[in-house]
Amino acid sequence: MKSVPKDLVADWLLKIGYFPESNVLPPSFESSNLSLQDKPFNRDISSLARRELATISYPRSLLSSRVFASQHPWNYHDIVFYLHQHWDAVLDKLFNEDLRIYSYSMPIPVTKRDDRHLSNLRAGRMIYEWVRMAENDLVLDATYYKCIAKTDITNFYASVYTHSIAWALEGRDNAFQDRQCSLVGNKIDKLIQYANDARTNGIPVGSALSDLIAEIVLSDVDARVSNALRDLDFVAVRFKDDYRVLCQSEEDAQKFLRTLSFELGKVNLILNEKKTTISDLPDGLYRAHDREYFPHSLRERESISFKAFEHTLLIALDIHRKYPGTSILEKFLSELLTAGNRLKIRFAKQREIKSRQIKKLFSLIFLAKRESEKLLGNALAIIELVYLDNVRAFDELKPYLSSIIKTELRRSSEKASAFEVVWLIFFSRYLGLGITGFEDLVKNETINDNLYVKSMLFSKNKLFAEANINLFVAPSECRGERLVDRLDVFKKNA
């Protein structure tokens, strides 16, 4: 990371990291016009304009949603501007030699190549790398320990106290004494506040910049925990707000958790008691839903029958219902493709049977999406592959898929799901399904004012239009690259 030029880092944060990861918003939303300027857009930090976040969400449960947000591009740019100016100090904070809690969530993805290259991968794919580490690398150290503690932070991003950013970068006393906001930490604190209507609680979920700021805050906490537990024998790892700790005894594990909880409390963060466990090794090293799915995994197979696709999907759905909130359905969809993103499913050779199987696949994948709305982008990527490979041979596929999209759009509008509406309109225009009159299909006033929905309905940028930075590309202009090649979950060999 330290060998990567800071100009390249800034450019990556602005162009790749501005919007949420690839399964949240379709490719029409991009920030290729956002670039590092010689001066900040907001010249006077002491009198910032109060701005609102642009949000989009999908439900996590009956009563809660996963909310993603983009902040005004001027505020976002200026935070990158100040981090760029003080990049060496930021890296010193993130990679402090005294840290004994090892973070695997640096959001800027340095590759193993020698040319100091940055990948376009985002956190969505990095989660898979975290799991691989936890279930492989951590096991190597487990033989020296007796138990493992696991925990995470309750409602982390929404709970981050913006002043804690300045405390982490500048020290608490220095930040308090800086009444003129001359320190970079205080500048960033205020820019984040005023991008979110001057709120001091919470940072927007979705951008790589928010992930970087989260790392700054938690690295400071981790350093204090490491210092307080100098004499304790443990190995601790973290991905974002998720901790796993190898200890010699349950008492040591409890001591670690108490210390972590105490230090988090200083910045208004709380451990999630419901997700905090201490297990005797080897229990706790491997996830139960992965163990159940493993005998049915399609990962190592180069080709599967349509029946195998159906059967494995039903098994994945059963496991998903048993272990809600896991990524088992995303994993299943990613396993339908080879390393080169070729579809593994073999359809029947008879024309009539093959047509019926393709339609059945469309139907089943949309039904699976109802179990987990966040699956939608990944589901549409699979459907695109099948559709483009077969639409010329089967005239009935276009009207059949169009009918499904219209039905799904009406349902999405009725339940006020801006997330689904944006993806479905994009997909219709992207594939050229011939659907018109989207305003008649999307009539819910709750979402009609959503900036992402408005942009997609009118196929024109409506996001922070006053900033004069175009953040939208028409769906028809996104056809040069398949969705499976764009979405992180399908990037197997990155």
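Check the entry above for the structure.
Residues numbered from 1 in each chain as written. Predicted model: local features only at pLDDT ≥ 70, side-chain atom pairs only at ≥ 80, totals over all residues. Heavy atoms only, no water.

**Topic: the packing of aromatic side chains**
Here is step 1: Under the counting rule described, the total for this entry stands at 18 aromatic pairs.
Here is step 2: Judged by centre distance (5.8 Å) and plane angle (45 degrees), the rings of Tyr 58 and Phe 68 are tilted. Here Tyr 58, found in strand S1 (residues 54–59), pairs with Phe 68, found in strand S2 (residues 65–70); they are 10 residues apart in sequence, far enough to count as distant.
Here is step 3: Take Phe 68: its relative accessible area is 4%, and that puts it in the buried class.
Here is step 4: When the centroid spacing of 6.0 Å and the interplanar angle of 35 degrees are considered together, the rings of Phe 306 and Phe 347 count as tilted. With Phe 306 in helix H12 (residues 306–322) and Phe 347 in the loop between strand S9 (345–346) and helix H14 (351–371), this pair connects stretches of sequence that are 41 residues apart. For the pair Phe 306 and Phe 347, one class covers both residues: buried.
Here is step 5: Each member of the aromatic cluster is reached from another via a ring pair, and the members are Tyr 18, Phe 19, Phe 29, Tyr 76, Tyr 452 and Phe 472.
Here is step 6: A cation sits over an aromatic face here: Lys 462 above Phe 458, 5.4 Å from the ring centre. (Phe/Tyr/Trp six-rings, centres within 6.5 Å; stacked < 30°, edge-to-face > 60°. Helix = DSSP H or I, 4+ residues; strand = E, 2+ residues; numbered from the N terminus. Buried < 20%, exposed > 50% of the residue type's maximum accessible area, 1.4 Å probe, protein only. Lys NZ or Arg CZ within 6 Å of the ring centre and 35° of its normal.)

**Observations concerning helix H10 (residues 250–265)**
Here is step 1: The end-to-end C-alpha distance of H10, which contains 16 residues, comes to 22 Å, matching closely the 22 Å that a straight helix rising 1.5 Å per residue would cover.
Here is step 2: Along H10, the residues that are buried comprise Ala 253, Phe 256, Leu 257, Thr 259, Leu 260, Glu 263 and Leu 264. The buried residues of H10 occupy an angular sector of 165 degrees when projected down its axis, which confines them to one face. Those residues of H10 that are exposed and aimed more than 90 degrees away from the buried face are Glu 251, Arg 258 and Phe 262.
Here is step 3: On its buried face, H10 sits against strand S3 (101–103), strand S4 (147–152), helix H9 (208–228), strand S5 (234–239), strand S6 (242–247) and strand S7 (277–280). (Expected span 1.5 Å × (residues − 1). Arc of directions from axis to C-beta. Contact = heavy atoms within 4.5 Å.)

**Quick look at unusual backbone geometry**
Here is step 1: The step from Leu 281 to Pro 282 runs through a cis peptide bond, and the omega angle for that step is 10 degrees.
Here is step 2: If you trace the backbone, Pro 282 turns up in the loop between S7 and helix H11 (288–293).
Here is step 3: Located in the positive-phi region is Ala 416, a residue other than glycine, with phi close to 60 degrees.

**Some words on the sheet that holds S3**
Here is step 1: A sheet is described by the order of its strands in space; here 5 strands give the open sequence S3-S5-S6-S4-S7, paired in mixed fashion. Lying at the two open borders of the sheet, with one neighbouring strand each, are S3 and S7. With direction set aside, neighbouring strand axes in the sheet form an average angle of 20 degrees. (Pairing = 2+ DSSP bridges. Axes fitted to C-alpha atoms, helices over the stretch in contact; angles between N-to-C directions.)

**Some details on the environment of Pro 27**
Here is step 1: Note that Pro 27 resides in the loop between helix H1 (6–15) and S1.
Here is step 2: Sequence-wise, Pro 27 and Glu 52 are 25 residues apart; in three dimensions their C-alpha atoms are separated by 23 Å.
Here is step 3: Apart from residues lying up to four places away in sequence, Pro 27 is in contact with Trp 423, Phe 426, Cys 478, Leu 483 and Arg 486.

**Here's the deal with the environment of Glu 170**
Here is step 1: If you trace the backbone, Glu 170 turns up in helix H6 (residues 163–170).
Here is step 2: Sequence separation between Glu 170 and Val 221 is 51 residues, and the spatial gap between their C-alpha atoms is 14 Å.
Here is step 3: Each residue touching Glu 170, except ones within four places of it in the same chain, is listed here: Ala 175, Leu 183, Val 184 and Gly 185.

**As for the pairing of S6**
Here is step 1: Burial analysis of S6 places 5 of its 6 residues in the buried class, the great majority of the element.
Here is step 2: Sheet analysis places S4 next to S6, joined by 6 bridges and oriented antiparallel. When the bridges of S6 are listed, Lys 150 appears paired with Arg 244.
Here is step 3: In this structure, S5 lies alongside S6, joined through 6 bridges in antiparallel fashion. Among the inter-strand pairings, Phe 239 is bridged to a residue of S6, identified as Asp 242.
Here is step 4: What sits between the antiparallel neighbours S5 and S6 is a turn of 2 residues, in which Lys 240 has the positive phi angle 55 degrees.

**What to know about the nonpolar core**
Here is step 1: Within the largest apolar cluster, 155 residues are counted, with the highest numbers of intra-cluster contacts made by Ile 108, Phe 256, Phe 309, Leu 336, Phe 362 and Leu 401.
Here is step 2: At 11 residues, the largest contribution of residues to this core is made by helix H17 (residues 418–431).
Here is step 3: If sequence neighbours within four positions are ignored, Phe 256 has contacts with Ile 101, Val 225, Leu 229, Leu 232, Phe 234, Ala 236 and Val 245.
Here is step 4: Membership of the second largest hydrophobic core comes to 9 residues, among which are Leu 138, Ala 142, Val 235 and Leu 285. (Core = buried A, V, L, I, M, F, W, Y, C linked by side-chain atoms within 4.5 Å.)

**Re the pattern of salt bridges**
For side chains of opposite charge, pairing can occur when their charged atoms come near one another.
Here is step 1: For the coordinates displayed, the defined rule picks out 28 salt bridges.
Here is step 2: Across the pair Asp 11 and Lys 15 runs a salt bridge whose closest N-O atoms are separated by 3.1 Å. With Asp 11 and Lys 15 both in helix H1 and 4 residues apart, this pair spans about one turn of that helix.
Here is step 3: With relative accessibility at 32%, the residue Asp 11 sits in the partly exposed group.
Here is step 4: Residue Lys 15 is classed as partly exposed on the basis of its relative accessible area of 28%.
Here is step 5: Across the pair Arg 287 and Asp 290 runs a salt bridge, and its minimum N-O distance is 2.0 Å. Of the two residues examined, Arg 287 and Asp 290, each falls in the buried class.
Here is step 6: Shared partners join several salt bridges into a network, and the residues in it are Lys 369, Arg 370, Glu 373, Glu 408, Arg 411, Lys 415 and Glu 420. (Salt bridge = Lys/Arg side-chain N within 4 Å of Asp/Glu carboxyl O.)

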